[in-house]
Number of protein chains: 2
Amino acid sequence: MGLDTPKEKPHDRLATLLSEDMGRVNALIRERMASKHAPRIPEVTAHLVEAGGKRLRPLLTLASARMCGYDGPFHVHLAATVEFIHTATLLHDDVVDESSQRRGRPTANLLWDNKSSVLVGDYLFARSFQLMVEPGNLRVLDILSNAAATIAEGEVLQLTAAQDLKTDEDIYLQVVRGKTAALFSAATEVGGVIAEVDEEQIKALFDYGDALGIAFQIADDLLDYRGDSAATGKNVGDDFRERKLTLPVIKAIAAADEDERAFWKRTIEKGDQQDGDLEHALALLDRHGALEATRDDALAWAEKAKTALGSLPQSELRDVLIELANFVVARLY
Amino acid sequence: MGLDTPKEKPHDRLATLLSEDMGRVNALIRERMASKHAPRIPEVTAHLVEAGGKRLRPLLTLASARMCGYDGPFHVHLAATVEFIHTATLLHDDVVDESSQRRGRPTANLLWDNKSSVLVGDYLFARSFQLMVEPGNLRVLDILSNAAATIAEGEVLQLTAAQDLKTDEDIYLQVVRGKTAALFSAATEVGGVIAEVDEEQIKALFDYGDALGIAFQIADDLLDYRGDSAATGKNVGDDFRERKLTLPVIKAIAAADEDERAFWKRTIEKGDQQDGDLEHALALLDRHGALEATRDDALAWAEKAKTALGSLPQSELRDVLIELANFVVARLY
């Protein structure tokens, strides 16, 4: 690649390197989301699956398996599994958040109804379990069923924790694992497990996925306050307006004096927000250096992700995954 | 039992015969529905799980395993698995149907909110998958993950089929398998599989659960028009008012003349119902003998259930299961 060539994004490079495998994954997804009798299922699912998501999670599974020398057929099933779990959670999230847009298109709950989103989500969960059973590997089932439980527990936790000023960084981290990191780490770990590499390498893959997912989510939560709507598709302060307690505010609350606590209590816990509150919130984040501290956390998690992969043998896929960890936080500089 | 003793209901007899196993199932359910971090989960789940359901599905699994001579520990996990799947579907059903009462108590979606019901349902699904992985039996996983997919597909199918006059008895049967019979047949089949009995016996257990579930659901749908609110907790014609196409109406539509079709089209497909419509619907069911024909179907399925069990060795549990098939349709005489 010459100096003049704009650098390809790491997930695009992954998609290129793994395009043959990914073709199989897409074919399997299309095959399994069909339903002979209930046409509503492929309608709803196609709307979401074909909407052009980055397919990052299945790419992580394929990359991990290939990087570990796997040459059987089942990384394709596991990659489709994680995409189905992801798609199911998106359908249910949009019902729970009463969202009307995702990836720039109207959500399924808006186009059809909440009923369809709930039930088609359930169908995709069930399909994902069918898929993960097929490789006949009990350890893989253990990992993926645990991830599914962590995801659901994190989502429920967020219902109560997001507006509770007692939510600390530990609880935040658990919510983040549920929202993002649990599926990332399961996606990478199962790649190593089916390739039957040694325990140390499997642990490294898990740690990479976990840290990458956390870095990714912290970066997202930070950009919500820093404002970079081109990168996030969100407006500055969406989380504040939706009364979602994320890391920047948790850090500011930990350092808050009495007046400041009263402000957060009114705006986040009670949801009584007035003109000028967002500006005041931003000033408080600034006063306590909360955005810088949050950025430092994201960078530290990205670093942890890269260090984990450092213990694996060098390969082109490994280097792209390391690049991906850089990319996730590059938008924070 | 003397002639003067009122006869105990078969599911109560099952509960008595299996009380020790069932104690273990209940302890496991309580243990696994806990969540250290998200207290909303046990709140919602306890509301439903402790509400005094009959625990029929776990009893079917325990009975099947014991009847086949199983003496390991894992029938308890599988029984808890089917109860978790059942509870998860109830939570989601109440959101989808916008129900406000279940088993005589306010529903979780009313007491908390739809969000909690969706996400706690997801948590229970995930927990059920963790539980079903623990016995380490891939065939069991295959059966239960297929059942979960059939359930979800049937629910989605019902969304579109319930108000569509083209819905015929085949589609109805598929919806019924999704709503009821798929979990019954999986519950009985896995009992035989972990007991490692021969294929013929496993098939017999599957056939029993399938036919019992279908008989049970047809009887329910019939009683909705016959009116027996003591037995069903529903008022005569609830399904008609909610525009749910069930077997009696499907049979009446199949025999309908042009005027009658127009009536069904208006009341069920378009939902334009007026005073006197229910009475007219009942008259049409009567004219075409639809209630008798539906009852005959229920009785035939109950017979099929009993015949299936006939191929298994005689035992007290087997005889109670046969009695259960009689009981399910006894309320139709």
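None of the values given here were measured: they were computed from a predicted structure.

Colleague: I keep staring at the overall build of chain A and nothing clicks. Help me out?
Modeller: Assigned secondary structure in chain A consists of 17 helices and two strands. Buried positions account for 58% of the 333 residues belonging to chain A. Put simply, 75% of the contacts in chain A that link residues at least 6 apart link residues at least 24 apart. About 13,500 Å² of surface is accessible on chain A, with carbon and sulfur atoms providing 47% of the total. With 38 positive and 55 negative side-chain charges, chain A shows a spacing of 3 Å between the two charge centroids.

Colleague: What should I look at first to understand the interface of chain A and chain B in this one?
Modeller: Interface size is commonly expressed as the accessible surface area that is lost when the partners come together. With 38 residues of chain A at the interface, the matching set in chain B holds 38 residues. Both sides together, the interface formed by chain A and chain B hides about 3,600 Å², and carbon and sulfur atoms give 76% of it. Across the chain A-chain B interface, the total number found is zero salt bridges. Linking chain A with chain B are six residue pairs in polar contact (both at pLDDT 80 or more), by the criterion used here. Elements supplying a minimum of two residues to the side of chain A that touches chain B: α3 (40-49), α5 (75-96), α7 (114-133) and α8 (138-161) of chain A. When residues in the side of chain A that touches chain B are grouped by element, the largest group, 14 residues, is from α8 of chain A. Its residues placed into classes, the side of chain A that touches chain B shows 19 nonpolar, ten polar and nine charged.

Colleague: I tried to follow the environment of L18 of chain A on my own but got confused; where do I start?
Modeller: Residues and elements named next belong to chain A. Within the secondary structure layout, L18 lies in the loop between α1 (10-17) and α2 (19-32). Relative accessible area serves as the criterion here: at 4%, L18 is assigned to the buried category. Between the C-alpha atoms of L18 and V82, which are 64 residues apart in sequence, the distance is 16 Å. What L18 contacts, discounting residues up to four positions off in sequence, is L59, L62, A63, R66 and L317.

Colleague: Honestly, the pattern of salt bridges in this entry has me stumped. Any pointers?
Modeller: Oppositely charged side chains can form a pair if their charged atoms are brought close together. Scanning all chains against the criterion turns up 42 salt bridges over all chains. Here K265 of chain A and E269 of chain A are joined by a salt bridge, their closest N and O atoms 3.0 Å apart. Residue K265 of chain A and its partner E269 of chain A are both found in helix α14 (residues 258-269); the two are separated by four residues, about one turn of the helix. On the basis of relative accessibility, which here comes to 38%, the residue K265 of chain A falls in the partly exposed class. The shortest N-O distance in the salt bridge between R266 of chain B and D277 of chain B comes to 2.8 Å. With R266 of chain B in helix α14 (residues 258-269) and D277 of chain B in helix α15 (residues 277-287), this pair connects stretches of sequence that are eleven residues apart. A single salt-bridge network, built from bridges that share partners, covers E20, D21, R24 and R66 of chain A.

Colleague: Is there a simple way to think about the relation of the copies chain A and chain B in this case?
Modeller: Look at the two chain copies: a rotation about an axis and a shift along it is all it takes to match them. Between chain A and chain B, the superposition needs a rotation of 180° and an axial shift of 0.0 Å, giving an RMSD of 0.0 Å. Read as a symmetry element, the transformation amounts to a two-fold axis. Of all interface residues in chain A, 100% are interface residues in chain B too; the two copies therefore contact each other through one and the same surface.

Rules behind the numbers
- Residues numbered from 1 in each chain as written.
- Chains lettered and ligands numbered in written order.
- Predicted model: local features only at pLDDT ≥ 70, side-chain atom pairs only at ≥ 80, totals over all residues.
- Heavy atoms only, no water.
- Helix = DSSP H or I, 4+ residues; strand = E, 2+ residues; numbered from the N terminus.
- Buried < 20%, exposed > 50% of the residue type's maximum accessible area, 1.4 Å probe, protein only.
- Contact = heavy atoms within 4.5 Å.
- Areas by Shrake-Rupley, 256 points an atom, 1.4 Å probe, with all protein chains shown as cover.
- Lys, Arg positive; Asp, Glu negative; His and termini not counted.
- Charge placed at Lys NZ, Arg CZ, Asp CG, Glu CD.
- Buried area = accessible area lost by both parts, 1.4 Å probe.
- Salt bridge = Lys/Arg side-chain N within 4 Å of Asp/Glu carboxyl O.
- Polar contact = N/O pair within 3.5 Å; in protein donor to acceptor, adjacent residues only side chain to side chain.
- Nonpolar A, V, L, I, M, F, W, Y, C, P; charged D, E, K, R; others polar.
- Least-squares fit on C-alpha atoms with pLDDT ≥ 70 in both.

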